[in-house]
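Spelled out, the chains give:
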Amino acid sequence: MRDKNAEMWKGFLFASLLFLLSCLQSVLHHQYMFHCFTVGMRLKTAVMGLVYRKCLLISSAARQQCTLGEIINLVSADTQKLMDFVVYFNCIWVTPIEITLCFYFLWQLLGPPALAGIAAVVLIFPLNGFIAKEVQMNFMDGRIKLMNEILSGVKILKFYAWEEAFLRRVGVLRDGELHALKKSQILYSVSLASFNSSSFLVSLTPSLFGVYVLTDERNVLDAQKIFVSVALINILKTPLSQLPFAIVSLRRLVKFLHQDELKPDNVERLPHSTDCVVIEGGSFSWTSDGLPCLQGINMKVKTGLLVAVVGNVGSGKSSLLSAMLGEMERRSGFVSIKGSVAYIPQQAWIQNASLKDNILFGGERKESWYHRVLEACALLQDLDILPAGDSTEIGEKGLNLSGGQKQRVSLARAVYRKSDVYLLDDPLSAVDAHVGQHIFERVIGPRGLLKDKTRVLVTHGLSFLSKADLVLVMEQGQISEMGSYMELMDRKGAFAKFIHTFNGNQRRESSTPRDKSKTVNLTAMLAHCLCVCMSSSCDMSSASVQVMKATEHCRTCSIFVRLTMSFFCSQVKLQMYREYFRTVGLTFIMTIIFLCAFQQAASLAYNYWLSLWADEQPINGTQSDHELKLSVFAALGFTQGMAMFGTTLAIALGGIVASHHLHAGLLLSVLHSPMSFFEVTPSGNLLNRFSKEIDAIDCMIPDGLKMMLGYLFKLLEVCIILLLATPFTALVLLPLTCVYIFIQSFYVASSCQLRRLEAVSRSPIYSHFNETMQGTNVIRAFGEQRRFVLQADRRIDNNQEAYFPRFVATRWLAVNLEFLGNLLVLAAAILSVRGRNELTPGIVGLAVSHSLQVTGILSWIVRSWTDVENNIVSVERVKEYDNTPKEAVWTLEGSLLPAAWPTSGNIQFEDYGLQYRKGLDWALNNISIDIQDREKVGIVGRTGAGKSSLALGIFRILEAAKGQISIDGINIAQIGLHDLRSRITIIPQDPVLFSGSLRMNLDPFDTCSDEDLWKALELAHLSSFVLALPQKLNHQCCEGGENLSLGQRQLLCLARALLRKTRILVLDEATAAVDLKTDQLIQSTIRAQFDDCTVLTIAHRLNTIMDYTRIIVMDHGTIAEMDSPSQLIRLQGKFYQMCLEAGLMGNQYEYYFY
């Protein structure tokens, strides 16, 4: 430009070379990016597979530390950050080389002052180091863990009206997470403002040029020195922001993968041993450094024997089975098992698959054996009720099966395997008496299907003990007595006294002789008022059957319609953008736009000032006014840096505000949903919303908006500079802009659909992880790890199949758009050459150096726009649940409900009717009952008769289709759900605990005094256990209460009921897993504490309700019989028939009836 005599063709040649080199750079760069993304995707897949495999190997102690929330986060957030890091991994070694080369060229150009630039980089770079991400991830782990527990125990939350307490708990974790995110974003804003974009120039250039002109008066800054230096400095703007995030994720993954695993040598497998199960001098604990739970265990079990294990709550019965499975740490001794093992846990683990798949469990179907197993496990009758027979899909955790059915399916799965050793952890406690007797005789007993197998049965059933070959009595983690039933009776030790005491009590109370068809359950004597089966824990009630009919036929079509509607929207609806920006708020938006514009104006002024400086002609070989020029230069640079800091911080804080509102809205929507919503929505879908989608709204959308706005304004600045320098550029700029918009819109439509596909295929991964973590001990016992690993791999592969086209499409877009940018560089260069007579070298340098940035700017605009478009889908998916059906309001404003309501406990059903969905059969019809205060009413009936539907109606889990229920004269449909549910109580069969202290589990609203809590624990016979704990009431329960025995969990549920002190009590079989001694103590507690309550017992164990004032016999949703037990026996109708089947008819009940 300075040499006016130079040939024009040289200028055109340099312009063409500039274009060709830019195109070559684009092609090579995107080939590199493609391969990096491919490697990153493979790494992500491998790490997800590794995490899943680790889940199947992790020890019980480590399992308590690694919550499901943490594992879901590892799979969703951390693996993604690791993948993103791979793309930037080469920056670690490339950046030092680039910096070295840049400073070499700067040294050649400017000499020693280049050292000032090195010093600036050294000072700035640490700001881009550690960013407080780990704290945020820890809060997120806790939140996802709690959300998983809420989704698992949502029925308990609804029964107890505890939603608001758990909303507060989630809110505390969310606030902590957002506070950590805010801190992280402030640091990130400082980092970005000092290192990225032209603010990097702001920090570096003044120090570089300032030192250069001040060290020697003869140092003249001309266009060549300034703009070559600027071009070199621009090379250093490689984003290194992914590095600290990846380090945090890597550290979390390493911590998880280093967790203790189960030792394979905990149990020896000896195929040729004469004894089937051998434990010699066994001492076992749950942790390697904890106190032993089992000590001095010595036992030998020969092949084909039936071993019964009995003992008090917490005596170590279930732990003994865990030791045999190798689930506990073997501290000393020797354990061996001969042959294959099948395990039936105390709480049945059911997969989200068809009933048939749950029973076959990966095995081949053999029709005759399959039918024999179904018949022996009493499942044939259930198949007739289920909508699609054994092909009926079972909901997560067996949501649409009763407690008894779940246990029978679990038993059928084990029996079908034809294993050598069967470990049965009290499988008969969840079924009624005659079904239990049937299963024992047809499956477990001496003439059952398993008669030739070795069976270790933990039980509280007294009548089974005489049929066992060996009885083990557990006490405080040791075997106190061992021998056959008759041997133990002849020894007249503690066991014999216990049996005689029970038999004496039983004879006094009911004069019942032993009957071979009668099962006396050690836990069936609970104050003659414990029920059996409510809703999901009842024997296949009409509740679960009709829910299945409703969901089976509408689940597929509703999901299909929703997905189809999503796919018809070629782009994300503008509504989602409006929704997001509305939650951000107008103040933030106006501030952000102003700061962006102000920053670019400062940048433009700053660059223009440079060009003026470059054009100043030296006088006598020197330039004047260095101080003024440097001061203006530094002031403009500082202003630009501060504006950039303000912009990034405003966007980050606006994003946090939006994220807070969207998460709170999602949580409220989910908790306000009725139970039917949770029965048809897989927990993986909901966890996906609360983890990956919320993470995208927290981080990805604000980050994308930051980059997009920054680069859009930067592009605007470049266009202004080009138009000022070479106005004819407008002729090229306009058509290029049209092509750009066309390509971008074509891409965004495809990209959003690919993002949706990827999101839809991600939910099954979370569901599978969730399911596996809950059933790890069963999967390991059956040796099915390989099959589950293959299933997980298949789900991950399906997800990656949807992910791969996304980044290929992004590369296609970037190559096309960078080619357009390169055309702009060519146009700017050629027009500059043509107008060299009118243009100064400073202006040309400014135009060409800025046009060279266009390809990079376009690349980042594409990437950030894509990120925003793709991640705004997360807002759409989070808002999706706003429009699902909701329950009635929790509390009615201006309600005139008396504070002490209900005062008497009178319940009236008036022509009450219930349907699970319009168009289905009546679950209840024409129910009219008047239950007086303090009355004890038993509700019985066959499977599907509508027993549980009555209780669901009382708690308004389902709303009335006709008629009404009144309590103390007030129609319950006219009061808030929490007003109703907090004033009545249920003791459920499945005891659900949440992670947190014992105090929180008893009293989540923190309204009771310590004295009240200790009194409730004492009445529930748990005070001695809690007093022995180091932290007493603050003892931390694990996820699902796994560090307490099932019996202890059931006693805690009883303590909850005692604390609530309500006038109406609905009872489930709350002591199915406690021993006889504890059961007898609880009887007196319930009689004394609930004597003035109205008690409803939905029962199929009839001996628990024989002293009730009234019995209601349900049949097909209507009342078939209703009277006192004695009158119903005299009528010899349905109730009489049921008593006959249960073995209760004979002279033994004369005491009750005559």
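Residues numbered from 1 in each chain as written. Predicted model: local features only at pLDDT ≥ 70, side-chain atom pairs only at ≥ 80, totals over all residues. Heavy atoms only, no water.

As annotated in an unreviewed UniProt entry, the protein chain carries the name ABC-type glutathione-S-conjugate transporter and is attributed to Dicentrarchus labrax. The record in UniProt for the protein chain states the following under Catalytic activity (unreviewed entry): "leukotriene C4(in) + ATP + H2O = leukotriene C4(out) + ADP + phosphate + H(+)". Quoted verbatim from the Subcellular location (unreviewed entry) field of UniProt, the annotation for the protein chain is "Cell membrane". (UniProt positions renumbered as here; feature names shortened; annotations may be inferred.)

(A) Here's a closer look at the overall build of the protein chain. Within the protein chain, the regular secondary structure consists of 41 helices and 22 strands. A separation threshold of at least 6 residues defines the contact pool for the protein chain, and within that pool the share at least 24 residues apart is 83%. Within the structure as shown, the protein chain displays about 44,800 Å² of accessible surface, and the carbon and sulfur contribution to it stands at 60%. (Helix = DSSP H or I, 4+ residues; strand = E, 2+ residues; numbered from the N terminus. Contact = heavy atoms within 4.5 Å. Areas by Shrake-Rupley, 256 points an atom, 1.4 Å probe, with all protein chains shown as cover.)

(B) Spatial organisation of the packing of helix α35 (residues 1010-1019) against helix α37 (residues 1046-1060). Interaxial distance between α35 and α37 falls to 8 Å at its minimum, and their mutual angle equals 130°. Relative to α37, the element α35 is oriented oblique. Crossing handedness for the pair α35 and α37: right-handed. Where α35 approaches α37, its residues D1012, L1013, A1016, L1017 and L1019 are matched on the opposing element by L1052, A1055, L1058 and L1059. Partitioning the contact of α35 with α37 into residue classes produces eight nonpolar, no polar and one charged. (Axes fitted to C-alpha atoms, helices over the stretch in contact; angles between N-to-C directions. Parallel < 35°, antiparallel > 145°, perpendicular 65-115°, else oblique. Left-handed = near helix turned anticlockwise from the far one by under 90°. Nonpolar A, V, L, I, M, F, W, Y, C, P; charged D, E, K, R; others polar.)

(C) How the structure looks around the sheet that holds strand β13 (residues 936-941). Read from one edge of the open sheet, six strands run β16-β19-β20-β13-β21-β22, paired in mixed fashion. Two strands close off the open sheet at either side, each with one partner strand: β16 (985-987) and β22 (1118-1123). With direction set aside, neighbouring strand axes in the sheet form an average angle of 20°. Where strand β19 (residues 1064-1067) and strand β20 (residues 1094-1098) come together, four bridges link them in parallel fashion. Across the sheet, the residue bridging to L1067 is T1097, located in β20. (Pairing = 2+ DSSP bridges.)

(D) Examining the side chain of D78 more closely. The residue D78 is located in helix α3 (residues 68-89) in this model. Polar side-chain contacts of D78 include one of 2.9 Å to the side chain of R252. (Polar contact = N/O pair within 3.5 Å; in protein donor to acceptor, adjacent residues only side chain to side chain.)

(E) Representation of the packing of aromatic side chains within the structure. A full pass over the atoms with the stated rule returns 23 aromatic pairs. An angle of 50° between the planes, with centres 6.1 Å apart, marks the rings of F34 and F807 as tilted. Of this pair, F34 sits in helix α1 (residues 8-57) while F807 is found in helix α29 (residues 785-834), placing the two residues 773 residues apart along the sequence. Look at F361 and F788: their rings are 5.8 Å apart centre to centre, the planes differ by 50°, and that puts the pair in the tilted class. Of the two residues, F361 is situated in the loop between α13 (355-360) and α14 (367-376) and F788 in helix α29; the sequence distance between them amounts to 427 residues. Classification of F361 as buried rests on a relative accessible area of 0%. By relative accessible area, F788 is classed as buried at 0%. An aromatic cluster of three or more residues is present, and its members are F34, F37, F804 and F807. (Phe/Tyr/Trp six-rings, centres within 6.5 Å; stacked < 30°, edge-to-face > 60°. Buried < 20%, exposed > 50% of the residue type's maximum accessible area, 1.4 Å probe, protein only.)

(F) Layout of the pairing of strand β10 (residues 478-483). Examined bridge by bridge, strand β9 (residues 470-475) and β10 share five bridges and lie antiparallel to one another. Across the sheet, V473 pairs through a bridge with E481, a residue of β10. Remark: two residues form the turn of the hairpin made by β9 and β10, two consecutive strands paired antiparallel; Q476 in that turn has positive phi of roughly 50°.

(G) The pairing of β9, seen in detail. Summarising burial for β9: five of the six residues are buried, a large majority. Of the pairings in the sheet, the one linking strand β4 (residues 306-311) to β9 comprises five bridges and is parallel in character. Residue V307 lies in a different strand from β9, and its bridge partner there is L470.

(H) Representation of α35 in the model. Looking only at α35, the buried set comprises L1013, A1016 and L1017. Taken around the axis of α35, the buried residues stretch over an arc of 100°, which confines them to a single face. Structural note: α35 exposes E1011, K1015 and E1018 on the side pointing more than 90 degrees away from its buried face. Those residues of α35 that are buried lie in contact with α34 (998-1002), α36 (1023-1027) and α37. (Arc of directions from axis to C-beta.)

(I) Up close: the packing of α14 against helix α16 (residues 403-416). Following both chains from N to C, one finds α14 and α16 inclined at 145°, their axes separated by 9 Å at the closest point. Seen along the crossing, α14 lies across α16 with a hand that is right-handed. For the pair α14 and α16, the contacting residues are W369, Y370 and V373 in the first and A412, V415 and Y416 in the second. Residues belonging to the contact of α14 with α16 are distributed by class as follows: six nonpolar, no polar and no charged.

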